[in-house]
Amino acid sequence: MNILNKLFKVFTDSIEEGVSKQEGTSNRRGYATYTCKKPNDLESIQNFMERYVAFDVETTGLNSKNDRMIEVGAVLFENGHIVETYSSLINPGIKIPKEATSVNHITNGMVKKAPTEDVVCAELVKFLGNALHEETPICAHNGEFDMSFISQALMRQGYDAQIVYLDTLSLSRKIIQGLPNYKQTTVAKHFNIKNKQEHRAVSDAEVCGDILWKLLSIKKDEEVKKLEILEKSKPSPEEMEVCAFIQDCILKKGGDNKFLGFYKNGNRYIDISYLYSFLRFKFAKKGKYIIVDRQLSDVSSYKVEPCTISEGGTDFIRVYFNNPFELEGLSDSFYQTYKKSRNSALEYFEFNKRAESEHRKSLAMSNKLTIKAMKSLLKDAKNREYHTTNNESISNKGSEENLSVKDIAINPKHNRVPLSNVKNLNNERKAFEEGYPLWEKGDSLRKEGNLEEAIHCFELARYHGYDAPVLYESYAKAYHAIKDYENEIDILNEGIVRLKHNKIHVGRFEARRDKAVELYMKQTK
């Protein structure tokens, strides 16, 4: 053969090879891949819901390389509705084992005159269309199994494919909690989806498609709610300027912002956190204030007032400000509380490896500030016109100007036994076993409005040695409800003494007691 003939043969062979790739002839082995996708956000969920193909196969066995498909079913869904279906038995060219027939009820006789794999693949390629080029997703229950069989068949017949699929088995496990198992029949029953003919490909595919629609609908609702929460948790531009200033203070002192985040909670406080919330401020009608630890902060140059019980009680104090730059004098306090939170966070991340990745998805981290964004916000803050707070009700000395419990004389009337007569003072376990049920009963009565009976139960719980913080809190709430402020003050004084080792609860009790003192003085006037 001369050189020209050889070149012509190479040229024609290359053309024939190109045709075989398109038409799926057996002259070459194709290359088919499949990738499982997860709907991670509202946009991807919406895209998946618009158009997908539900898919199912019945096979001679479990090995996609050695076994063969004996039936295939594909159903095209658009916006949750069936648009088109494809279904065919397949003559596998090998005998169907009895074990397979016992499951899918497809016999050798049923497939004897059925089309062979090459014919079905050609028809299936036309039906699937762009689903073989990652444009329309395919779904299947335990999709790895179905995708492995279809990809092997396509490759045997010389077809190339890049398939994106969604696995309704793994999605069901993630989205639906508490099912005994996650077989397709169980999930279908959960959604009240009926299967016309179980273990037949097209019927199973229809059910799979209906399941996917239900799952994506649930996921979509969850994402919408998540976005709503995310939007509500986002501080305003002016609030973010305060966040930027605090972050800048921390960075200037050698801190980092790797896990520093900000979010607005349900009570409109802005929480500043490093995994754990360590600072909080609020833009209230009365004015802007930040809550700081009284012991760590020099507040002599600020207008301040006591915190409420929910804000931390007497251990913390409100510091009022007009613009963030006025908070420069508190930068040391910011850094100290940040450092404590950061150390705790890093210890926890070391102990719990998954916590770090989970925290990255948190509300606080969704409002994380880059250095560039921080500088931009600080620039905006310098150019902003601030309204000055001139509320005379804000004290310059905080709680020092308020009436102290030492300034009043109370004479509470009650039936409580002296502490010296309380049982189980040296037996904490017995005190809990005997006293806890009485407190629990009393607190239920308190919530129902039976306050006198509730107080009687609390006194019995106390008599048996129960001294948990919840007892004194319930006691105080009951007395507060009947406006017996003398007894509220008295029982809180006892709680403060008995729980002096518990700084958090002592601070809360002191704040509650200060409020009771204020109300008692108004009552006596």
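Heads up: the structure comes first, above all this text.
An account of the accompanying structure is given in this report.

Rules of the game
- Residues numbered from 1 in each chain as written.
- Predicted model: local features only at pLDDT ≥ 70, side-chain atom pairs only at ≥ 80, totals over all residues.
- Heavy atoms only, no water.
- 1 Å grid on protein atoms, 1.4 Å probe; cavity = no way out; pocket = protein on both sides within 12 Å on 5 of 7 lines; lining within 4 Å.
- Points joined across faces, edges and corners; volume = space filled by probe spheres on them.
- Helix = DSSP H or I, 4+ residues; strand = E, 2+ residues; numbered from the N terminus.
- Nonpolar A, V, L, I, M, F, W, Y, C, P; charged D, E, K, R; others polar.
- Polar contact = N/O pair within 3.5 Å; in protein donor to acceptor, adjacent residues only side chain to side chain.
- Expected span 1.5 Å × (residues − 1).
- Buried < 20%, exposed > 50% of the residue type's maximum accessible area, 1.4 Å probe, protein only.
- Contact = heavy atoms within 4.5 Å.
- Salt bridge = Lys/Arg side-chain N within 4 Å of Asp/Glu carboxyl O.
- Pairing = 2+ DSSP bridges.
- Axes fitted to C-alpha atoms, helices over the stretch in contact; angles between N-to-C directions.
- Patch = residues over 30% accessible without salt bridge, like charges linked within 9 Å, V, L, I, M, F, W, Y side chains within 5 Å.
- Areas by Shrake-Rupley, 256 points an atom, 1.4 Å probe, with all protein chains shown as cover.
- Lys, Arg positive; Asp, Glu negative; His and termini not counted.
- Charge placed at Lys NZ, Arg CZ, Asp CG, Glu CD.
- Parallel < 35°, antiparallel > 145°, perpendicular 65-115°, else oblique.
- Left-handed = near helix turned anticlockwise from the far one by under 90°.

Brief notes about empty space enclosed by the protein
Right, on to step 1. Taken as a whole and assessed by the stated rule, the structure comprises 1 cavity of 30 Å³ or more.
Right, on to step 2. When its volume is computed, the largest cavity comes out at roughly 40 Å³.
Right, on to step 3. Considering the residues around the largest cavity, the lining is formed by R51, V53, L76, F127, L128, N130 and T136.
Right, on to step 4. Where the lining of the largest cavity is concerned, the elements lending two or more residues are β2 (51-59) and α5 (117-128).
Right, on to step 5. Looking at the lining of the largest cavity, its residues break down into 4 nonpolar, 2 polar and 1 charged.

Here's the deal with the environment of N323
Right, on to step 1. Along the polypeptide, N323 turns up in the loop between β12 (316-321) and α11 (331-351).
Right, on to step 2. Once the C-alpha coordinates of N323 and R294 are considered, the two residues, 29 residues apart in sequence, prove to be 21 Å apart.
Right, on to step 3. In terms of polar contacts, N323 uses its side chain to reach the backbone amide nitrogen of F325, at 2.9 Å.

Some points on helix α16 (residues 451-463)
Right, on to step 1. Compared with an ideal rise of 1.5 Å per residue, which puts 13 residues at 18 Å, α16 spans 18 Å between its outermost C-alpha atoms and is within 8% of the ideal.
Right, on to step 2. Every buried residue belonging to α16 is among L451, A454, I455, C457, F458, E459, A461 and R462, and all of these are buried.
Right, on to step 3. On its buried side, α16 packs onto α15 (428-448), α17 (469-481) and α18 (485-498).
Right, on to step 4. Looking one or two residues past α16, G465 carries a phi angle of roughly 100 degrees, positive in sign.

With respect to the pattern of salt bridges
Right, on to step 1. Applying the stated criterion to the full structure yields 31 salt bridges.
Right, on to step 2. D443 serves as the salt-bridge partner of K447, at 3.7 Å between the closest nitrogen and oxygen. Here K447 pairs with D443, and both are found in helix α15, just 4 residues apart, close to one helical turn.
Right, on to step 3. Accessibility expressed as a relative area gives 62% for K447, which makes it exposed.
Right, on to step 4. Here R462 ties to E494 by a salt bridge, and the two come within 2.8 Å at their closest N and O atoms. One end of the pair, R462, is in helix α16; the other, E494, is in helix α18, with 32 residues separating them in the sequence. As far as burial versus exposure is concerned, R462 and E494 are alike and both buried.
Right, on to step 5. Taken together, the salt bridges that share partners define one network made up of E238, E241, K288 and R384.

A look at the sheet that holds strand β9 (residues 276-284)
The pairing of strands in a sheet happens through backbone hydrogen bonds and is either parallel or antiparallel.
Right, on to step 1. Judged by pairing direction, the sheet is antiparallel, and its 6 strands sit side by side in the order β7-β8-β9-β10-β12-β11 without closing on themselves. Strand pairing shows two members of the sheet lacking a second neighbour, β7 (260-264) and β11 (304-306), which therefore form its edges. Along the sheet, successive strands turn relative to each other by an average axial angle of 25 degrees, direction set aside.
Right, on to step 2. With 6 bridges joining them, strand β10 (residues 287-293) and β12 adopt antiparallel strand pairing. Note that in β12 the partner of I291 across the bridge is R318.
Right, on to step 3. Contacting β7, β8 (269-274), β9, β10 and β12, helix α10 (residues 237-252) crosses the sheet at an angle of about 140 degrees to β9.

Considering the sheet that holds strand β4 (residues 81-89)
Right, on to step 1. Taken together, the 6 strands give an open sheet; going across it, the order is β1-β6-β5-β2-β3-β4, and neighbouring strands pair in mixed fashion. Either end of the sheet is taken by a strand with one partner, and the two such strands are β1 (32-36) and β4. Sheet twist, expressed as the average angle between the axes of neighbouring strands with direction ignored, equals 30 degrees.
Right, on to step 2. Here 2 bridges tie β2 to strand β5 (residues 138-140), and the two strands are oriented parallel to one another. Opposite A54, over in β5, you have C139 as the bridge partner.
Right, on to step 3. On top of the sheet, helix α2 (residues 42-50) reaches β2, β3 (69-78) and β6 (161-167); it is set at about 65 degrees to β2, its chief contact.
Right, on to step 4. Together, β2, β3, β4 and β5 form the strand contacts of α5, whose direction differs from that of β4 by roughly 170 degrees.

Let's talk about a positive patch on the surface
Right, on to step 1. Together, K38, K174, K226 and K361 make up a region of like positive charge exposed at the surface.
Right, on to step 2. With respect to the secondary-structure elements, K38 resides in the loop between β1 and α2.
Right, on to step 3. Looking at K38, the relative accessible area reads 55%, which means it is exposed.

Remarks on the packing of α17 against helix α19 (residues 503-524)
Right, on to step 1. For the pair α17 and α19, the least separation of the axes is 11 Å and the interaxial angle reads 15 degrees. One element, α17, and the other, α19, form an angle in the roughly parallel class. Every pair of crossing elements has a handedness; the one defined by α17 and α19 is left-handed. In this structure, α17 contributes P469, Y472, E473, A476, K477 and H480 to the contact, and α19 contributes H505, R508, F509, R512 and L519.
Right, on to step 2. A class-by-class count of the residues in the contact of α17 with α19 yields 5 nonpolar, 2 polar and 4 charged.

Some details on the layout of surface pockets
Right, on to step 1. Its boundaries defined by the atoms lining it, the largest pocket holds a volume of some 860 Å³.
Right, on to step 2. Lining the largest pocket we find 26 residues, and of these S277, F278, D293, F316 and K340 sit closest to its centre.
Right, on to step 3. In terms of residues, the lining of the largest pocket owes the most to one element, α11, which gives 7 residues.
Right, on to step 4. Taken as a whole, the second largest pocket holds about 710 Å³ of empty space.
Right, on to step 5. When the residues that make up the lining of the second largest pocket are grouped by side-chain class, the tally is 10 nonpolar, 10 polar and 9 charged.

Any link to function would need more than the numbers given here.
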